[in-house]
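Architecture and fold: a report
What follows is the residue order along each chain.
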Amino acid sequence: MGIVKKQPAIFLGLVITILFLGLSLSNIEFFETLELKFYDIRMSLKNISDNSEDIVIVDIDDDSIKNIGRWPWSRSVIAQCIDKINTANPKIIGMNIMYNEPENSSGLEQIKGLIKMVEQSEKQDSSLLRTMKAALNELDNDRKLKESLEKAGNVIFPVNFYSSRISEKIKQRKTRNSLKDH
């Protein structure tokens, strides 16, 4: 009790720190909401110029889907869009598309398998191998997108941050769904 009377500020600071540490670890939704509200207030107080004529939004709308084809578009189509947008020399290209996994292409996998078979065979046909590798290159839409992104050098993508509760719920759903499939 003597420490509390001699150093009340330190004791009070320690109690408040432990309280907020406990509250932050308990993941109370109220504090997440409060944090987001304060963030909104801070952003509204910043002096950000309103040069909306400098911002161009390229939207994937119904007309785009009618002209190009059903969604989701191949990554080679997105690569072509990036190349076309990049010709206007934008400072930045923001994309609201998540690419968490490689594009699924059964044709690409079959050509990879055929290339291995030809390479392992005793009678390697170099013209056939070149043709197959060219086809592999042409079908690799992930590579095309990667090259367009590197060429542009100014493309940003969204990032998903899940709280541990959301992440745990996603894992539980995936487990339940995989159990249902078997």
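So, here is what we can say about the structure in this document.

A few words on the packing of helix α7 (residues 126-139) against helix α8 (residues 141-152). Where α7 meets α8, the axes come as close as 5 Å, and the angle between the chain directions of the two elements is 60°. Our classification of the angle between α7 and α8 gives oblique. Note on element contacts: α8 touches α7 through Asn141, Arg143 and Lys144, opposite Asn137, Glu138 and Leu139. Considering only residue class, the contact of α7 with α8 consists of one nonpolar, two polar and three charged.

Right, let's get into the packing of helix α6 (residues 106-120) against α7. As a packed pair, α6 and α7 sit with axes 10 Å apart at the nearest point and diverge in direction by 155°. In terms of orientation, α6 and α7 fall into the roughly antiparallel class. The two elements α6 and α7 cross, and the hand of that crossing is left-handed. Along the contact surface, α6 presents Gly107, Leu108, Ile111, Lys112, Leu114, Ile115, Val118 and Glu119, while α7 presents Leu128, Leu129, Met132, Lys133, Ala135, Leu136 and Leu139.

Right, let's talk about the pattern of salt bridges for a bit. Any two side chains of opposite charge can pair, on the condition that their charged atoms come close. Summed over the entire model, instances satisfying the criterion amount to six salt bridges. Among the ionic pairs, lysine 133 bridges to glutamate 119, the shortest N-O distance being 3.4 Å. Taken together, the positions of lysine 133 in helix α7 and glutamate 119 in helix α6 put the pair 14 residues apart, joining distant regions of the chain. Taking the relative accessible area as the measure of exposure, glutamate 119 reaches 36% and is therefore partly exposed. For glutamate 138, the salt bridge identified is with lysine 144, shortest N-O distance 3.2 Å.

How each quantity is defined
Residues numbered from 1 in each chain as written. Predicted model: local features only at pLDDT ≥ 70, side-chain atom pairs only at ≥ 80, totals over all residues. Heavy atoms only, no water. Axes fitted to C-alpha atoms, helices over the stretch in contact; angles between N-to-C directions. Helix = DSSP H or I, 4+ residues; strand = E, 2+ residues; numbered from the N terminus. Parallel < 35°, antiparallel > 145°, perpendicular 65-115°, else oblique. Contact = heavy atoms within 4.5 Å. Nonpolar A, V, L, I, M, F, W, Y, C, P; charged D, E, K, R; others polar. Left-handed = near helix turned anticlockwise from the far one by under 90°. Salt bridge = Lys/Arg side-chain N within 4 Å of Asp/Glu carboxyl O. Buried < 20%, exposed > 50% of the residue type's maximum accessible area, 1.4 Å probe, protein only.

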